[in-house]
Amino acid sequence: MDSVQNQDLDPVTFEVLKNSFITAVDQMAEQMLRTCYSFVIYNRDFSNALHDAEGNCVAQGNADIAVHVGTLHYTCKDVIRVFKGDMHPGDVYAINDPYAGGTHFSDVRLIRPIFDGDTLVGFSQSNGHWSDLGGSVPGSFNVAAHEMFGEAVRITPVRLFHKGKFCSDVANMIAANTRDPGSIIGDIHSQAQATQVAEREVLRLIDKYGRDQVLQGMNEVQDYVERSVRQRISDLPDGTWESVDYIDRDPGAGEGMIPIHIKMTIKGDRITYDFEGSHPTIASIYNSADGATFSAVVAGMKTFFPDLPLNSGFYRMVDIKAPEDSVVSAKWPVAVTGFLMPFEKIMNTIFEMWSKIVPERAIACAFNLEYLLAGGNDLRKPEKPIYMFYEWLPGGWGGRNGKDGSDVTTACFGTGLMSQPSEGNERVNPTRADEFQIMQDSPGPGKWRGGAGVIKASTLLEAENTVISYICDRERAVVWGVEGGLPSMPHGLEIEHSETGEKKWLGSVFSNYKIKSGDRFTRPTAGGGGFGDPLDCDPDQVLEDVIDEYVSVDRAKKDYGVVVKVNDFDVLDIEIDQAATDAARAEIRANRVAWARMDPAEVSRMYKDGEIDELDAVRRYAVILDWGTGELMEISTAQFRETFERRSVAHWN
């Protein structure tokens, strides 16, 4: 099982080296934060790693974002494949190839071989999200792209530094194909210096402990994680668990959600994830190549092993079976920049299955990461440069077994990201944040509610030739609850045009939409799904959430059956009407199964007539509509109801 058995590495030295490797990677992060040019990288959309001489991951940092977990060793190995026998001290290589184990084109990895004298001892890798890599829309997220040729520049392994000399011709060629070449060149140097930080630390350890000891440590930290995970899996019962989650739609096809099906099997000390039954690739960027799918699997699974360091030892007992040319195994040249949509569905499905195995750590569905991108010419400056507004928002994680979900937290896809400061975005982009606050009623109701999401509204200021793109999901595959818990709310963006005052619902997925100065765009992020039957929630806890304005008085009654009497909110003179609460809960218990199975066409009519809102539609009636027009999404509703019956209705008393 262990790749090396060497008793010379005593436990103290092993522990020192294990933590020193992680510290070296954390120091790379500090270097990037202090020298990067891109605002997106400054907000921690990056990760770093240390690898052994074969490209296996020895360590990642404590704050590296989840999405890059399980991909960095693939891109390191691809660089080795291309440059093996032609590597030198001072070399640095670049790669962003999703089809070689990466994520999407925006994640550009710089990789440095580390030499001790003439001996190759390992590699350091710095991966940063560049805010633009070319393509047909600002930010390189064109949801209408069917193939990579409309997405961005694909960088197969290429040398950016040769024996310490900067290959400016290659770097300038890459940068010239983007909308912000100055930042690209700056980030290249920032990431290259980060890889040098790890090189320095590894050579310092070699000077102190000797090459053999350090190389032995690189092997043994991987073996340690492998042994630990194998033992924990062995202690679990053998069995098979399966579930399904959905991407909202295929923009190139008719209505209907896109299934991602996973069957997880534990046998002995190995675990297999089988994606048979998942949908073929779709006519959009919402596809995942093999490396990103592997990353989603190990990131989801790692959530249930929080105490272990992360390296390639964690990957050795995991097998993945993914049908080729499926939405989770896209091949060149299928578009994959929006891989984060299947990624989060995979993570949340794995959360659901592992919650059955480790119920004390059980968790409901988390909100979906969203990207808002705008690009045009900044009229605040005389040269009218191209600006790139690239923003994500926090939201709510799912309710947990015994505890409410985390409020206003970065997405499970991007754990480690910072919530972008509005002031920073306003400084570098011609935008103004008009509203940014917790979204009342966004938490999915449950015995333990989901975490709260947010709502943000921004106005475009002095700009021209601006287009906006929104990369999101769960407008139809709404964030779900478990064990009887209820869903959160649909995602989507609304725009108000300044010239006409018209408000228009654009939904959760569009690209290249033209806007003008003065236009205002507003979008919420969902909360997490609820855990457990909301009628089992302590009324006093609901009252506290009403006082804190997480839950409105109206939704307290509709979702929890708790009737709150407000005498004077300003002085918190609020109390529970116990008799009315008992009656409300009895009414809900008597009718909620029938409500969840009501004729969807009638629900659509009620929504159009203003009798119900979108929260009523998804939480009470389990119906998916076009939230702009109220038209019924028949196929999506049938799919949503199937999962609602299994995750919610089946657990109600």
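All of the points below concern the structure found in this document. (Residues numbered from 1 in each chain as written. Predicted model: local features only at pLDDT ≥ 70, side-chain atom pairs only at ≥ 80, totals over all residues. Heavy atoms only, no water.)

A look at the overall build of the protein
Here is the rule we go by: Under the DSSP-based scheme used, a helix requires at least four consecutive residues in state H or I and a strand at least two consecutive residues in state E, with every element numbered from the N terminus. Every radius of gyration here is taken over C-alpha atoms, with the globule rule written as 2.2 Å times N^0.38, N being the number of residues. For each residue, the accessible area found with a 1.4 Å probe, counting protein chains only, is set against the maximum for its type, and the residue is called buried under 20%, exposed over 50%, and partly exposed in between. Between two residues, a contact is recorded if the distance between any of their heavy atoms is within 4.5 Å.
When you go through the protein residue by residue, the secondary structure sums to 15 helices and 22 strands. Taken against the 2.2 N^0.38 rule, which gives 26 Å for 653 residues, the C-alpha radius of gyration of the protein at 25 Å falls within 12% of a compact globule. Principal-axis analysis of the C-alpha atoms places the extent of the protein at approximately 80 × 65 × 50 Å. With 653 residues in all, the protein has 62% of them scored as buried. For the protein, the proportion of contacts with a sequence separation of at least 24, taken over those separated by at least 6, is 71%.

Description of the sheet that holds strand E19 (residues 509-515)
This is how it is decided: Strands were regarded as paired on the criterion that DSSP finds at least two bridges between them. Axis definition: a line fit to C-alpha positions, over the contact stretch in the case of helices; interaxial angles, taken between N-to-C directions, run 0 to 180 degrees.
Taken in spatial order, the four strands of this open sheet run E13-E12-E16-E19, and their pairing is antiparallel. The open sheet terminates on both sides in strands that have one partner only, identified here as strand E13 (386-392) and E19. Here the average twist between neighbouring strands, direction ignored, is 15°.

What about helix H7 (residues 290-302)?
The cut-off we apply is this: Expected span of a helix: the number of residues minus one, times 1.5 Å.
For H7, with 13 residues, the first-to-last C-alpha span of 18 Å sits near the 18 Å given by 1.5 Å per residue. Of all 13 residues that make up H7, 12 are buried, and the element is covered over most of its length. Within the sequence span of H7, burial applies to Gly 291, Ala 292, Thr 293, Phe 294, Ser 295, Ala 296, Val 297, Val 298, Ala 299, Gly 300, Met 301 and Lys 302. On its buried side, H7 packs onto helix H3 (72-83), helix H6 (211-234), strand E10 (270-274), strand E11 (318-321) and helix H8 (340-357).

Some thoughts on a negative patch on the surface
What counts, and what does not: Patch members must show over 30% relative accessible area and no salt bridge, and they are joined within 9 Å when carrying like charges or within 5 Å when they are nonpolar side chains of Val, Leu, Ile, Met, Phe, Trp or Tyr. In short, Shrake-Rupley with a 1.4 Å probe defines the accessible areas, and a residue's cover is counted only from the protein chains shown. Just to be clear on terms, a salt bridge is a Lys or Arg side-chain nitrogen sitting within 4 Å of an Asp or Glu carboxyl oxygen. In this count, Lys and Arg are taken as positive residues and Asp and Glu as negative ones, while His and the chain termini are left out. A charge is said to be at NZ when it belongs to Lys, at CZ for Arg, at CG for Asp and at CD for Glu.
On the surface, Asp 538, Asp 540, Glu 544, Asp 548 and Glu 549 cluster together into a negatively charged patch. Topologically, Asp 540 is positioned in helix H10 (residues 539-547). Residue Asp 540 is classed as partly exposed on the basis of its relative accessible area, which comes to 49%.

Things to note about the environment of Ser 228
Stated precisely, the cut-off is as follows: Two N or O atoms count as a polar contact when they lie within 3.5 Å, although within protein this holds only if one can serve as hydrogen donor and the other as acceptor, and sequence-adjacent residues are included solely when both atoms are side-chain atoms.
Relative to the helices and strands, Ser 228 is located in helix H6. Considering only alpha carbons, one finds Ser 228 and Tyr 209, 19 residues apart in sequence, at a separation of 26 Å. Here the side chain of Ser 228 touches Tyr 224 through a polar contact of 2.9 Å, landing on its backbone oxygen.

Thoughts on the sheet that holds strand E17 (residues 493-496)
Sheet strands associate in pairs through backbone hydrogen bonding, adopting either a parallel or an antiparallel arrangement. One open sheet holds the five strands; their spatial order is E14-E15-E20-E17-E18, and the pairing between them is antiparallel. Two strands bound the open sheet, and with one partner strand each, they are strand E14 (431-438) and strand E18 (503-507). Put simply, the sheet's adjacent strands are angled 20° from each other on average, direction ignored.

Here we look at the environment of Asp 609
On the secondary structure map, Asp 609 appears in the loop between helix H13 (600-608) and helix H14 (614-619). Counting along the chain gives 21 residues from Asp 609 to Gly 630, while the straight-line C-alpha distance between them is 9.2 Å.

So, the nonpolar core
Heads up, the rule is: The term nonpolar core refers to a set of buried residues drawn from Ala, Val, Leu, Ile, Met, Phe, Trp, Tyr and Cys, joined through side-chain atoms within 4.5 Å.
Grouped together as the largest cluster of nonpolar side chains are 115 residues, with contacts concentrated most on Tyr 273, Met 301, Trp 354 and Tyr 371. By residue number, the principal contributor to this core is H8, which donates 10 residues. Leaving out residues up to four positions away in the same chain, Tyr 371 has contacts with Asp 45, Phe 141, Leu 340, Tyr 390, Glu 391, Trp 392, Phe 413, Ser 469, Tyr 470 and Ile 471. Val 244, Tyr 607, Ala 617 and Met 633 belong to the second largest nonpolar core, which has 27 residues in total.

Brief notes about helix H11 (residues 553-560)
For clarity, the threshold we go by: Summarising the geometry, the arc corresponds to the directions from the helix axis toward the C-beta atoms.
Every buried residue of H11 is accounted for by Arg 555, Ala 556, Asp 559 and Tyr 560. Looking straight down H11, one finds that the buried residues subtend no more than 110° of arc, so they occupy a single side. As for H11, its buried residues are in contact with H10, strand E21 (564-568), helix H12 (578-596) and H14. Gly 561 occupies a position one or two residues after H11 and carries a positive phi of about 65°.

As for the packing of helix H1 (residues 11-35) against helix H5 (residues 181-209)
For any two helices packed against each other, one specifies the crossing angle of their axes together with the interaxial distance. The test is simple: We call two directions roughly parallel when the angle between them is under 35 degrees, roughly antiparallel when it is over 145, roughly perpendicular when it lies between 65 and 115, and oblique otherwise. With the far helix as reference, a near helix turned anticlockwise by less than a right angle produces a left-handed crossing, and one turned clockwise produces a right-handed crossing. Charged residues are taken to be Asp, Glu, Lys and Arg, nonpolar residues to be Ala, Val, Leu, Ile, Met, Phe, Trp, Tyr, Cys and Pro, and polar residues to be all remaining types, Gly included.
Where H1 contacts H5, the two axes come as close as 8 Å, and the packing angle between them is 155°. Our classification of the angle between H1 and H5 gives roughly antiparallel. For the element pair H1 and H5, the recorded crossing hand is right-handed. Taking contact as the criterion, the partners of Thr 13, Val 16, Leu 17, Ser 20, Phe 21, Ala 24, Gln 27, Met 28, Gln 31, Met 32 and Thr 35 in H1 are, on H5, Ser 190, Gln 191, Gln 193, Ala 194, Thr 195, Val 197, Ala 198, Arg 200, Glu 201, Leu 205 and Tyr 209. For the contact of H1 with H5, the residue count by class is 11 nonpolar, nine polar and two charged.

Let's talk about the pattern of salt bridges
Applying the stated criterion across every chain, the model contains 49 salt bridges. The residue Lys 384 makes a salt bridge to Glu 464 at a minimum N-O spacing of 3.7 Å. Taken together, the residues span a long stretch of sequence, with Lys 384 in the loop between strand E12 (371-378) and E13 and Glu 464 in strand E16 (residues 463-471) at a distance of 80 residues. Its relative accessible area of 41% is what places Lys 384 among the partly exposed residues. Connected through salt bridges with shared partners, the residues Asp 554, Arg 555, Lys 558, Asp 559, Asp 613, Asp 616 and Arg 619 form a single ionic network.

Observations concerning the packing of aromatic side chains
Operational definition: The pairing test for Phe, Tyr and Trp rings, Trp by its six-membered ring, is centres within 6.5 Å, and the orientation test on the planes gives stacked under 30 degrees, edge-to-face over 60, and tilted for anything in between. Here, a charge over a ring means that NZ of Lys or CZ of Arg falls within 6 Å of the ring centre while also lying within 35 degrees of the ring normal.
The full count for this structure, using the stated rule, is 26 aromatic pairs. Here Trp 448 and Phe 531 contribute two aromatic rings whose centre-to-centre distance is 6.0 Å and whose plane-to-plane angle is 50°, an arrangement assigned as tilted. Placement of Trp 448 in the loop between E14 and strand E15 (454-460) and of Phe 531 in the loop between strand E20 (520-524) and H10 is noted, with a sequence separation of 83 residues between them. Connected via pairs of aromatic rings, a cluster forms that spans Phe 304, Phe 305, Phe 314, Phe 351, Trp 354 and Trp 397. When the ring centre of Tyr 550 is taken as origin, the NZ or CZ atom of Arg 449, which lies over that ring, is 4.4 Å away. Residue placement shows Lys 456 over the ring face of Phe 436; its charged tip is 4.8 Å from the ring centre.

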